[in-house]
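Chain by chain, the residues:
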Amino acid sequence: MKVDYLIVGQGLAGSLLAWHLLGRGQRVLVVDPEEEVTSSKVAAGLVTPLAGNRFNIPDGLGERLDYARSFYWSAEEATKRHFFHHKRIARLFRSEDERETWKSRIAEDPEAYEKFSGPLTLDDDKIAVPYGGFEMKGGGWMDLPEFLSATRYHLLERLGYAIGRIDPDEVAIEENFVKWKNIEADGIIFAQGWQGNQNRFFDWIPIKPTVGDILDLAIPEISDVSHILNSGGWLIPKGSGTFSAGSTYRHDLDDPYGYDGGRAEVIKKVTQLTRAPFEVSSQRTGIRPVIRRSQVFMGRHPSQSRVFFFNGLGSKGVLNGPWHASRLVDHILGGVSLPDCSDIRSNFL
Ligand SMILES: Cc1cc2nc3c(=O)[nH]c(=O)nc-3n(C[C@H](O)[C@H](O)[C@H](O)COP(=O)(O)OP(=O)(O)OC[C@H]3O[C@@H](n4cnc5c(N)ncnc54)[C@H](O)[C@@H]3O)c2cc1C
């Protein structure tokens, strides 16, 4: 079998690459072992344009956000499925200091902040708003399992998906193609998530996996709340008084799924957001692929020109992933330079 590109992994990263390559008329085969728990299957999928407690506007935020939203909407159109939920985010200050930081940011550049923020319109006495807050514009959350499933069907209809695990040692690099089992491809792209450096081609890239926990809850007394609540922890309304809440950040990989402190940590964050009683229905734990904060890293292998890497989506993968996938595909197909800050060769060699 001959394809243009073989993609290793169908998490968010592999899915985004597949859409962008298909959009450029390429034939792809995405191979994934369908593990029950992956970062993409567990993630909250939040798109929070002004993340962090310094409220910085990262370079290129507006362009990346606009690109992500229009990409997800066109994927929804193509699959007739709904996975990107545009929602208002109530960003509640954690302290007076945080409120003052926000005020000085706005004063420095009111025009830049206007695109991403507005006055808070939250009206529910069960929500704790001791220091005030603002409304974040342009965000929401993505139902990642739904996006992965829609993508998988889209690929299956094009004979572009297979269940399996690609062992990098079984990938042969020939002069004019790469070969894995009976598949020949022009190139191979590794999008393996946190295991992305357990790979003979990319073992020089420092991945720092971060474990995270999320709880699913019922909070009937605030079932009318339609905003995502965000203040260190977050609550996403999922309808009929149910919510997802998170999250934790742990670096200890000894027993990522057996640690029970994660639940207590998330519960503490929920009690800081609402006074209403709640009941936990389930807990999910996953491992985020983090390289350097939530910066995406990608590019071509330094000596194997048919071998590529796409990873490091971290906790902002839903927002940053689509724009970076499009840049990597421009690079692979058209030789367009990668942004220096994301290129594996300028950062890790
Ligand atoms: C608790 C938690 C909360 C999060 N919240 C958010 C959030 O609110 N917003 C946000 O943007 N992001 C969030 N994230 C991060 C988000 O999950 C990641 O940015 C993104 O999903 C990573 O996608 P990925 O494809 O790189 O990795 P993964 O989802 O891990 O996918 C990698 C895939 O590759 C497969 N694979 C690995 N090795 C092989 C191989 N040899 N052969 C074939 N396939 C292979 C794996 O099975 C997997 O399916 C969260 C993550 C966690 C854990």
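Conventions adopted
- Residues numbered from 1 in each chain as written.
- Predicted model: local features only at pLDDT ≥ 70, side-chain atom pairs only at ≥ 80, totals over all residues.
- Heavy atoms only, no water.
- Buried < 20%, exposed > 50% of the residue type's maximum accessible area, 1.4 Å probe, protein only.
- Helix = DSSP H or I, 4+ residues; strand = E, 2+ residues; numbered from the N terminus.
- Pairing = 2+ DSSP bridges.
- Axes fitted to C-alpha atoms, helices over the stretch in contact; angles between N-to-C directions.
- Parallel < 35°, antiparallel > 145°, perpendicular 65-115°, else oblique.
- Contact = heavy atoms within 4.5 Å.
- Nonpolar A, V, L, I, M, F, W, Y, C, P; charged D, E, K, R; others polar.
- Domains from an automatic or database assignment.
- Polar contact = N/O pair within 3.5 Å; in protein donor to acceptor, adjacent residues only side chain to side chain.

Chemist: How do you make sense of the pairing of strand S15 (residues 233–239) when you look at a structure like this?
Modeler: Each regular strand carries side chains that alternate between the two faces of the sheet. Judged by how many residues are buried, S15 sits mostly within the fold: five of seven residues are covered. Where strand S14 (residues 228–231) meets S15, three bridges bridge the pair, whose relative direction is antiparallel. The residue bridging asparagine 230 from the neighbouring strand is tryptophan 234, located in S15. Remark: one residue form the turn of the hairpin made by S14 and S15, two consecutive strands paired antiparallel; glycine 232 in that turn has positive phi of roughly 85 degrees. Sheet analysis places S15 next to strand S16 (residues 242–246), joined by five bridges and oriented antiparallel. Counterpart to proline 237 in the pairing with S16 is phenylalanine 243. With antiparallel pairing between neighbouring strands as the criterion, S15 and S16 make up a hairpin whose turn holds two residues, including serine 240 at a positive phi of roughly 55 degrees.

Chemist: Is there a simple way to explain the packing of helix H3 (residues 61–79) against helix H8 (residues 317–334) in this structure?
Modeler: Each pair of packed helices can be summarised by the angle the axes make with each other and by the distance between the axes. Running from amino to carboxyl end, H3 crosses H8 at an angle of 90 degrees, the nearest separation of the two axes being 8 Å. Between H3 and H8, the crossing angle belongs to the class labelled roughly perpendicular. Residues Leu61, Glu63, Arg64, Leu65, Tyr67, Ala68, Phe71 and Tyr72 of H3 pack against Gly317, Val318, Leu319, Asn320, Pro322, Trp323, His324 and Ser326 of H8. Here the residues of the contact of H3 with H8 sort into 10 nonpolar, four polar and two charged.

Chemist: Would you explain the sheet that holds strand S8 (residues 140–142) in this entry?
Modeler: The strands making up a sheet are joined through hydrogen bonds of the backbone, oriented either antiparallel or parallel. Spatially, S3-S8-S4 is the arrangement adopted by the three strands of the open sheet, whose pairing is antiparallel. In this open sheet, the two strands that pair with only one neighbour each are strand S3 (46–47) and strand S4 (84–86). In this structure, S4 lies alongside S8, joined through three bridges in antiparallel fashion. Across the sheet, residue histidine 86 finds its bridge partner in S8, namely glycine 140.

Chemist: Help me understand the domain arrangement of the protein in this model?
Modeler: When the parts of a complex come together, some accessible area is lost, and that lost area is often taken as the interface size. Parsing the protein into structural domains produces domain 1 (2–43 + 144–207 + 292–348) and domain 2 (88–138 + 210–288). In this structure, domain 1 and domain 2 have C-alpha centres spaced 31 Å apart. Residue-level contacts link seven residues of domain 1 with nine residues of domain 2. Our count for the contact surface shared by domain 1 and domain 2 stands at two residue pairs in polar contact (both at pLDDT 80 or more).

Chemist: Which parts of the structure should I look at to understand the side chain of histidine 324?
Modeler: Relative to the helices and strands, histidine 324 is located in helix H8. A distance of 3.4 Å separates polar atoms of two side chains, one belonging to histidine 324 and the other to serine 342. Beyond its immediate sequence surroundings of up to four residues, histidine 324 is in contact with Arg64, Val296, Met298, Phe310 and Ser342.

Chemist: Would you explain unusual backbone geometry in this entry?
Modeler: Negative phi values dominate among residues other than glycine, just as trans dominates among peptide bonds. The residue after glycine 246, namely serine 247, is reached through a cis peptide bond having omega -15 degrees. As for its position among the elements, serine 247 is in the loop between S16 and helix H7 (261–273). One non-glycine residue, lysine 80, adopts positive backbone phi at about 55 degrees. Take lysine 80: it is sitting in the loop between H3 and S4. In this model, serine 240 sits at a positive phi of 55 degrees, which is unusual for a non-glycine residue. Positionally, serine 240 belongs in the loop between S15 and S16.

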